[in-house]
Amino acid sequence: MSGHWLYLPGNSPAHRTPVEVKIVCAVGAIFAVVATPRELFWPFGCYALGLVAVWSWIGVPLRWIAPRLLIEAPFVVLAILLPFAAGEPRTVFAGLSLSTNGLYAAWGIVAKGTLGVGISLTLAATTSVGQLPAGLARLRVPGVIVMIVVLMLRYVDVLVDEAARMRVARISRGDDPRTLRQAGATARGAGHLFLRSYERGERVHLAMVSRGFDGSAVDFGHQPATRAQWLFGLLPAIGAICVCLSAWAVR
């Protein structure tokens with residue numbers, strides 16, 4: 001599971017930092033970005049420069065990050081429509097009447113969304129999938145949630161492979177799922193995939209129960225992070241929080 005496509009193997013300080021520290025750091029940095037007033041532009045520039053500096057420091061190339069940032073493309077498309085759909089007050093730009101509030105809203109969505117995805121990708125690039133449940137357990141996340149995460153990470157690739165096989169089967173029978181007239185067949189395929197996933201989940205659960213599974217989370221037994229690791233690992237989040245507080249102070 002360490003070979004997940006979002007994981008970039010390496011031996012940087014970020015890779016060696018305990019996973020629970022990285023989770024708290026990422027969550028803290030994202031909250032700081034989201035809480036920053038959208039009317040100011042310089043804080044987001046600081047966040048972006050800091051994020052690029054972290055990527056350079058830990059050896060994550062921009063050519064690896066850039067294509068994975070495209071996951072936010074649908075939200076960017078929706079954000080572009082806001083300046084046209086929102087109300088007063090309005091301003092004229094390039095001959096177009098645009099809503100001022102819509103412009104700020106679109107900017108906030110794009111800036112905060114891009115930074116949030118970048119922070120999440122940084123966590124994913126430096127943390128193997130198998131380490132995440134252990135980190136959540138050390139953060140005292142309820143055992144049921146940890147177990148759900150374990151099963152989700154274990155079988156999400158299985159479901160993706162199942163969907164790929166169904167698609168190949170459709171194409172081999174002369175179907176073209178890219179055309180609009182096949183929307184009904186695509187919807188039925190999604191229903192079949194749901195049923196197959198449900199049935200596979202039941203079989204997996206029965207197999208686990210037969211092997212003694214009682215619903216409790218696994219005791220990973222790792223050593224907790226030291227105080228020095230916490231202080232060092234949380235520096236990026238502390239910097240982001242300072243930028244956020246400074247933005248509110250000068251707003």
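Residues numbered from 1 in each chain as written. Predicted model: local features only at pLDDT ≥ 70, side-chain atom pairs only at ≥ 80, totals over all residues. Heavy atoms only, no water.

1. Some words on the overall build of the protein chain
Filter applied, for reference: What counts as a helix is a DSSP run of H or I of at least four residues, what counts as a strand is a run of E of at least two, and both are numbered from the N terminus. Accessibility here uses a 1.4 Å probe with only protein chains present; expressed as a share of the type maximum, an area under 20% marks a residue as buried, one over 50% as exposed, and anything in between as partly exposed. Two residues qualify as a contact provided that any one of their heavy atoms is within 4.5 Å of a heavy atom in the partner residue. In these tables, accessible area is a Shrake-Rupley quantity obtained with a 1.4 Å probe, and a residue counts as shielded only by the protein chains included in the view.
Across its full length, the protein chain holds 11 helices and 2 strands. Reading the protein chain from its N terminus to its C terminus gives the helix and strand order α-α-α-α-α-β-β-α-α-α-α-α-α. Counting only residues that meet the buried cut, the protein chain has 32% of its 251 residues in that class. In the protein chain, the proportion of contacts linking residues at least 24 apart, taken out of those at least 6 apart, comes to 75%. A total of about 15600 Å² of accessible surface is found on the protein chain, and carbon and sulfur atoms cover 68% of it.

2. What about the nonpolar core?
Applied cut-off: Think of a nonpolar core as a cluster: buried Ala, Val, Leu, Ile, Met, Phe, Trp, Tyr and Cys residues, connected wherever their side-chain atoms sit within 4.5 Å.
In terms of nonpolar packing, the biggest core is built from 25 residues, with Y47, V60, W64, I65, L115 and I119 touching the most fellow members. Elements with a minimum of two residues in this core: α2 (19–35), α3 (42–58), α4 (62–68), α6 (100–126) and α11 (235–250). Examining the composition of this core, we find that 7 residues originate from one element, α6, more than from any other. If we ignore the near neighbours within four places in the chain, the residues touching L115 are V33, F44, Y47, A48 and L51. Grouped together as the second largest cluster of nonpolar side chains are 7 residues, I23, L136, V146 and L153 included.

3. Details of the UniProt feature "transmembrane region" (unreviewed entry) in the protein chain
For clarity, the threshold we go by: UniProt positions are given in the numbering used here, feature names are shortened, and annotations may be inferred rather than shown by experiment.
Residues given the UniProt feature "transmembrane region" (unreviewed entry) here are residues 40–62, 69–86, 106–125, 137–156 and 230–250. Split by type, residues 40–62 is 78% helix and 0% strand. Its first and last C-alpha atoms lie 26 Å apart. From the first C-alpha to the last, residues 106–125 spans 28 Å; its make-up is 100% helix and 0% strand.

4. A closer look at the environment of L136
Position of L136 among the secondary structure elements: in helix α7 (residues 132–138). Judged by its relative accessible area of 18%, L136 falls in the buried class. Note: C-alpha distance between L136 and V146 (10 residues apart in sequence) is 6.5 Å. The residues touching L136, leaving out its near neighbours within four places in the chain, are I23, V141, V146 and V149.

5. What about a nonpolar patch on the surface?
The cut-off we apply is this: Here the term patch refers to residues with relative accessible area over 30% and no salt bridge, with like charges joined within 9 Å and nonpolar side chains (Val, Leu, Ile, Met, Phe, Trp, Tyr) within 5 Å. What makes a salt bridge here is a side-chain nitrogen of Lys or Arg within 4 Å of a carboxyl oxygen of Asp or Glu, nothing more.
A contiguous nonpolar patch, built from W57, F232, L235 and I238 and spanning about 420 Å² of accessible area, is present on the exposed surface. By the secondary structure assignment, L235 is in helix α11.

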